[in-house]
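Residue-level structure breakdown
Listed below, chain by chain, are the residues.
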Amino acid sequence: NEQQQKAVSILKGPVIVFAGAGSGKTRTLTFRIFEMIKHNIDPKRILAITFTNKATNEMRERLHQLVGGKSALLTISTFHSLCAYILRREITVLDYHRHFDIIDDDDQLKVIREVIDTHNYNKKLYTPKAVRKKINYLKTFDLRSDILIENDLLDHYNQLMKEMNCLDFNDLLLKVRFLFQNFPDILKRYQHQFGHILVDEFQDTDLIQYDIIKMLSREHRNIFVVGDDDQSIYGFRGANYDNIRTFKNDYLEHKMVILNQNYRSTQTILDGCNKLIANNKNREKKELFSYVSGS
């Protein structure tokens, strides 16, 4: 449709697309990449970030149908996979070995048990699962605790993880942001490598993820984000829908497109949804209308 075509046609500079539910945002994003390649933008310099491996695979398949073998030259990745890719090449400057292990939840509990045993923490007050939850919370929101002993636990955990040459999932993001903040030559290399950045489900980004893409796009400012502030439901795991407003302030020259033609539901359903969602605060106003025949 006309709005999708508008979003696809803006190939450079900052762009924010508010994509209502069922409005074809993934199709819009993939066709924009197709359009970029058609206009001779090097696919090796295009980075597309999704939030799940499933979404990554689906996008790669769609793009293979559109651009054939050139799709293999694109970097299509989740945030965590992208950060793992960068750290495999750069982490030695942080005194880690590049062949580090990425631990899962069960292994994280084993590390925490060792910390509790080694430092004689009260096992009734500090159970491994409770400590894991607290550590992950502090790392996700990049905080220090108000309780001194919790900070000690976190510090002992981080020290043991480093001795074991291990990273947890939050570390992947935190270490890359630290690299970019403190090693400008490394940041410059990836700014050049990823000269065009696209981010899907932007409303689900957290503060650390936003910092990473902001630093990557600082020089070229070719950043295209797609999201919907009405669909932000992951605040409990760090998602910050306010990143949408921050983006508009950080990229004052941005262009905005609203996708509000819904291809999934009848107008009766959308009328009810529009009435309900209108009560949300701090949102970009949009009224979904239906494409469904006979609606």
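Residues numbered from 1 in each chain as written. Predicted model: local features only at pLDDT ≥ 70, side-chain atom pairs only at ≥ 80, totals over all residues. Heavy atoms only, no water.

What follows concerns the overall build of the protein chain. For the protein chain, the count of helices and strands is 12 helices and 10 strands. For the protein chain, whose C-alpha radius of gyration is 21 Å, the value lies close to the compact-globule estimate of 19 Å for 295 residues. Along the first, second and third principal axes, the C-alpha atoms of the protein chain reach 70 × 45 × 35 Å. Here the protein chain, with 295 residues, has 47% of them falling under the buried criterion. On the protein chain, roughly 15400 Å² of surface is accessible, and the fraction owed to carbon and sulfur atoms is 50%. Put simply, the protein chain has 43 plus and 38 minus side-chain charges, and the middle of one group is 4 Å from the middle of the other. (Helix = DSSP H or I, 4+ residues; strand = E, 2+ residues; numbered from the N terminus. Rg over C-alpha atoms; globule rule 2.2 N^0.38 Å. Buried < 20%, exposed > 50% of the residue type's maximum accessible area, 1.4 Å probe, protein only. Areas by Shrake-Rupley, 256 points an atom, 1.4 Å probe, with all protein chains shown as cover. Lys, Arg positive; Asp, Glu negative; His and termini not counted. Charge placed at Lys NZ, Arg CZ, Asp CG, Glu CD.)

With that settled, the discussion passes to the sheet that holds strand β2 (residues 46-50). Pairing within the open sheet is parallel, and its 6 strands lie in the order β3-β2-β6-β7-β1-β8. Of all strands in the sheet, those with a lone pairing partner are β3 (75-78) and β8 (255-259), marking the two edges. Adjacent strand axes in the sheet meet at a mean angle of 15° when their direction is disregarded. In this structure, strand β1 (residues 15-19) lies alongside β8, joined through 5 bridges in parallel fashion. Looking across to β8, one finds that valine 17 is bridged to valine 257. The strands touched by helix α3 (residues 53-67) are β2 and β3; relative to β3, the strand with the most contacts, the crossing angle is about 160°. (Pairing = 2+ DSSP bridges. Axes fitted to C-alpha atoms, helices over the stretch in contact; angles between N-to-C directions. Contact = heavy atoms within 4.5 Å.)

A few words now on the side chain of threonine 140. Along the chain, threonine 140 turns up in helix α6 (residues 128-140). Threonine 140 sits in the buried class, given a relative accessible area of 14%. A polar side-chain atom of threonine 140 sits 2.7 Å from the main-chain carbonyl oxygen of asparagine 136. Among the polar contacts made by the side chain of threonine 140, one reaches the side chain of asparagine 170 at a distance of 3.3 Å. (Polar contact = N/O pair within 3.5 Å; in protein donor to acceptor, adjacent residues only side chain to side chain.)

Each α-helix turn comprises 3.6 residues. Residues three or four places apart therefore point the same way. Looking only at helix α11 (residues 243-250), the buried set comprises Asn243, Ile244 and Phe247. In a view along the axis of α11, the buried residues occupy a sector of 105°, so they form one face of it. Those residues of α11 that are buried are in contact with β1, α10 (207-216) and β7 (223-227). (Arc of directions from axis to C-beta.)

Right, let's talk about the packing of aromatic side chains for a bit. Under the definition given, this model contains 11 aromatic pairs. On the basis of an interplanar angle of 55° and a centroid distance of 6.1 Å, the ring pair of phenylalanine 202 and tyrosine 210 is categorised as tilted. Looking at tyrosine 210, the relative accessible area reads 4%, which means it is buried. One aromatic cluster is present, formed by Phe202, Tyr210, Phe247 and Tyr251 through successive ring pairs. Taking the ring centre of phenylalanine 100 as reference, the NZ or CZ of arginine 88 above it sits at 3.8 Å. When the ring centre of tyrosine 234 is taken as reference, the NZ or CZ atom of arginine 237 above it lies at 3.6 Å. (Phe/Tyr/Trp six-rings, centres within 6.5 Å; stacked < 30°, edge-to-face > 60°. Lys NZ or Arg CZ within 6 Å of the ring centre and 35° of its normal.)

A separate point is unusual backbone geometry. Its identity is not glycine, yet asparagine 40 carries a phi of approximately 70°, on the positive side. The phi dihedral of arginine 221 is positive, around 60°, even though this residue is not glycine. Arginine 221 sits in the partly exposed class, given a relative accessible area of 25%.

Let's shift gears to the packing of α6 against helix α7 (residues 148-163). Interaxial distance between α6 and α7 falls to 10 Å at its minimum, and their mutual angle equals 85°. Judged by the inter-axis angle, α6 sits roughly perpendicular to α7. Residue-level inspection shows Val131, Lys134, Ile135, Leu138 and Lys139 of α6 in contact with α7, the latter providing Glu150, Leu153, Leu154, Tyr157 and Asn158. In terms of residue class, the contact of α6 with α7 is made up of 6 nonpolar, 1 polar and 3 charged. (Parallel < 35°, antiparallel > 145°, perpendicular 65-115°, else oblique. Nonpolar A, V, L, I, M, F, W, Y, C, P; charged D, E, K, R; others polar.)

This next bit is on the side chain of threonine 205. One can find threonine 205 in the loop between β6 (196-199) and α10. If sequence neighbours within four positions are ignored, threonine 205 has contacts with Phe51, Phe79, Val199, Gly238, Ala239, Asn240 and Asn243.

A few words on the pattern of salt bridges. Summed over all chains, the structure comprises 20 salt bridges. Here aspartate 230 makes a salt bridge to arginine 283, at a shortest N to O gap of 2.8 Å. Here aspartate 230 is found in the loop between β7 and α11, whereas its partner arginine 283 is found in the loop between α12 (267-277) and β10 (289-290), with 53 residues between them in sequence. When its relative accessible area of 18% is taken as the criterion, arginine 283 is described as buried. The network of salt bridges with common partners includes Asp228, Asp229, Asp230, Arg283 and Lys286. (Salt bridge = Lys/Arg side-chain N within 4 Å of Asp/Glu carboxyl O.)

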